[in-house]
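A closer look at the structure
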Amino acid sequence: MDASLRVGVDGLVRRPALVADGFDEAEIDRMLRSGALVRVRRGVYRLAGRDSTGAAAEHRLRARAAAPGLLSGAVFGFVTAAVLLGLPVWRVPLRRLHVVRDRSNGARIRGDLQIHSGRLREGDVLELTGGLRVTAPARTVVDLARTVPAPQALVTLDGALHRGIVAERVRRPDPSATTTGEISRALEPAAGSSGARAARRALALADGLSESPGETLSRFRMHVAGLPPPVLQWPVPGTRFRADFAWPDRGLVGEFDGRTKYGRALRPGTDPAEVLWQEKRREDRIRAEGLAVVRWVFPEIDDPGPNGMTARLGPLVGR
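Just so we're clear, the structure is a prediction, and the values are computed from it rather than from any experiment.

Here is what the cut-offs are and how they apply
- Residues numbered from 1 in each chain as written.
- Predicted model: local features only at pLDDT ≥ 70, side-chain atom pairs only at ≥ 80, totals over all residues.
- Heavy atoms only, no water.
- Helix = DSSP H or I, 4+ residues; strand = E, 2+ residues; numbered from the N terminus.
- Buried < 20%, exposed > 50% of the residue type's maximum accessible area, 1.4 Å probe, protein only.
- Contact = heavy atoms within 4.5 Å.
- Areas by Shrake-Rupley, 256 points an atom, 1.4 Å probe, with all protein chains shown as cover.
- Lys, Arg positive; Asp, Glu negative; His and termini not counted.
- Charge placed at Lys NZ, Arg CZ, Asp CG, Glu CD.
- Pairing = 2+ DSSP bridges.
- Phe/Tyr/Trp six-rings, centres within 6.5 Å; stacked < 30°, edge-to-face > 60°.
- Core = buried A, V, L, I, M, F, W, Y, C linked by side-chain atoms within 4.5 Å.
- Axes fitted to C-alpha atoms, helices over the stretch in contact; angles between N-to-C directions.
- Parallel < 35°, antiparallel > 145°, perpendicular 65-115°, else oblique.
- Left-handed = near helix turned anticlockwise from the far one by under 90°.
- Nonpolar A, V, L, I, M, F, W, Y, C, P; charged D, E, K, R; others polar.

A word on the overall build of the protein. A tally of helices and strands in the protein yields twelve helices and 15 strands. Viewed in the frame of its principal axes, the protein has a C-alpha envelope of about 75 × 50 × 40 Å. Expressed as a percentage of the 319 residues in the protein, the buried residues total 46%. Taking all contacts inside the protein whose residues are at least 6 apart in sequence as the whole, residues at least 24 apart take part in 55%. Carbon and sulfur atoms provide 51% of the accessible area of the protein, an area that totals close to 16700 Å². The protein carries 50 positive and 36 negative side-chain charges, and their two centres are separated by 4 Å.

Turning next to the pairing of strand E7 (residues 113-117). Every other side chain in a regular strand lies on the same face of the sheet, so the side chains alternate between the two faces. Where strand E5 (residues 97-101) and E7 come together, five bridges link them in parallel fashion. Bridging across to E7, Leu97 finds its partner in Leu113. Bridge count between strand E6 (residues 108-110) and E7: three bridges; the pairing is antiparallel. In the strand pairing of E7, Arg110 is matched with Leu113. Count of turn residues in the E6/E7 antiparallel hairpin: two residues, of which Gly111 carries a positive phi of about 65°.

What follows is about the packing of aromatic side chains. One pass over the structure, following the stated rule, counts two aromatic pairs. Summarising the aromatic geometry, the rings of Phe256 and Phe298 are spaced 5.7 Å apart at their centres and angled 80° between planes, so their arrangement reads as edge-to-face. Of the two residues, Phe256 sits in strand E12 (residues 252-256) while Phe298 sits in helix H11 (residues 298-301), which places them 42 residues apart along the sequence. The exposure class assigned to Phe256 is buried, which follows from its relative accessible area of 7%. Phe298 gets classed as partly exposed once you look at its relative accessible area, which sits at 36%.

By size, the foremost hydrophobic cluster in this structure holds 42 residues, and its most contacted members are Phe76, Leu84, Val134, Leu157 and Ile183. The set of elements that each furnish at least two residues to this core consists of helix H3 (55-66), helix H4 (78-85), E5, E7, helix H5 (137-147), helix H6 (150-170), helix H7 (180-187) and helix H8 (196-205). Among all residues touching Leu157, those that are not within four sequence positions of it are Val141, Ile183, Ala202, Leu203 and Ala206. Trp90, Leu227, Trp247 and Ile301 belong to the second largest nonpolar core, which has 16 residues in total.

Turning next to H8. Residues of H8 that are buried: Ala196, Ala199, Ala202, Leu203 and Leu205. In the core, the buried residues of H8 are packed alongside H5, H6, H7 and helix H9 (213-224).

For the pair H5 and H7, the least separation of the axes is 8 Å and the interaxial angle reads 60°. Here H5 is positioned oblique relative to H7, judged by the angle of their axes. Considering how the two elements wind past one another, H5 and H7 form a crossing that is right-handed. Taken together, the residues of H7 that come into contact with H5 (itself represented by Ala138, Arg139, Val141 and Val142) are Glu182, Ile183, Ala186 and Leu187.

A few words now on the environment of His162. Tracing the chain through its elements places His162 in helix H6. With ten residues separating them in the primary sequence, His162 and Arg172 have C-alpha atoms 14 Å apart.

For the rest of this paragraph, the subject is the sheet that holds strand E10 (residues 231-235). Pairing in this open sheet of four strands is mixed, and the strands run E10-E11-E12-E15 from one edge to the other. Each edge of the open sheet carries a strand with a single partner, namely E10 and strand E15 (292-296). The sheet shows a mean angle of 45° between the axes of neighbouring strands, taken without regard to direction. Across four bridges, E10 lies against strand E11 (residues 242-247) in antiparallel orientation. Paired with Leu232 across the two strands is Phe245, which belongs to E11. Of the strands in this sheet, E10, E11, E12 and E15 are in contact with H9, which crosses E11 at around 0°. Across the sheet, helix H12 (residues 309-317) touches E11, E12 and E15, and the angle it forms with E15 is around 165°.

With their axes 9 Å apart at the nearest point, H3 and H4 run at an angle of 105° to one another. Viewed along their axes, H3 and H4 adopt a mutual orientation that is roughly perpendicular. On H4, the residues that touch Ala56, His59, Arg60 and Ala63 of H3 are Val79, Thr80, Val83 and Leu84. Partitioning the contact of H3 with H4 into residue classes produces five nonpolar, two polar and one charged.

All right, on to the sheet that holds strand E1 (residues 13-14) then. The three strands lie next to each other as E1-E3-E2, forming an open sheet whose pairing is antiparallel. Sheet topology places E1 and strand E2 (37-41) at the edges, where each strand pairs with a single neighbour. Across two bridges, the pairing between E1 and strand E3 (residues 44-47) is antiparallel. Within the sheet, the bridge partner assigned to Val13 lies in E3 and is Tyr45.

So, in C-alpha cells, the structure goes:
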C-alpha cells in the first residue's frame, strides 16, 4: 500500500483527496480491484485490514463516510444513532443509514439514506468525538421503540439503561447511557404519534439489570409465556455469585449461557474449557445452597418444544 495515501480522521480515504494527492483514476481503480482499498460508499474507501468486520461495524463506517454530505441540521438517528452510540442492536436492518431532519415534512429515501422528518428539541442531539451528530440516547431508543418490534426495541432499551446503571456505579459519564426518566420525558412529545403505544409498552418492560441481549430476550419470552417475573441479578445466599434470573420463593435460579454481556465480551485468549469448568463449579456451589438451576442457550429461548426455555421453566415456577 502506498504510504502517501491520506487517511482522514474518520479512518476513511476519499477519492477527491486521492486525486488531489496525484493519484489518477486508473491507479485508484487498480487499488480497488487488488483489494488494497475497500469501497465503503461511492467515492469513499477504507484501507484493507482496517476496522473490525460485521454488520454494525460496516454501518458505522458508512455513517462516517456519509456524514460530510448531510444537509445542515440533519443528524443520524434511529438504528444508525444506536450503532454510533455503541448500543446493542438485534435483528434491526442495517442496509440503510437513518437521518433525522428538524422539519415537519420531507421524509424520503435517497439511495442508502432514509431521511426522517421530526422535531429535534433541546437535549435531543448529541455530538460525538469526531464531530458526528446523533440523536441523544433517550431520543434514539424512543424512535427505535416506535418503529421496530418489541424484542428488538427491548435489547437496545436495556442496553442503554444498563450503561446508565454502570455509569452511576463507577461515577463516570457515558454518552450512550440514559435513564428511565429521560426516556419517559423523550416519549412525551411522541404521544399520539405512530408507534407511541408500542414504545410505552417496551419501556414498561425495560430493565437495565439485564446484562446481555440474551438475558433481555429471555425475559421477554418469559413475559409473553405468562411466567412469574423473575428477580434479576439475584445475590445467591451463602455465595459470592449472582444469578441472572431467580424465583427465590420457588428455590429456582435461571442462567442464560451467552458469550457476551452488554458492552463487553469474553477476553481474548480465554480458554473455553476453563470457562466451562468455572461455570460447572459455580453451578455446583449454587446447588449446594439447595437451589434448582435451569440453564439455556440462545436457540432455546424461542424453542417451542419440550427442551425450550419456557417449557422447562414453566412447571418449576408454577405457570
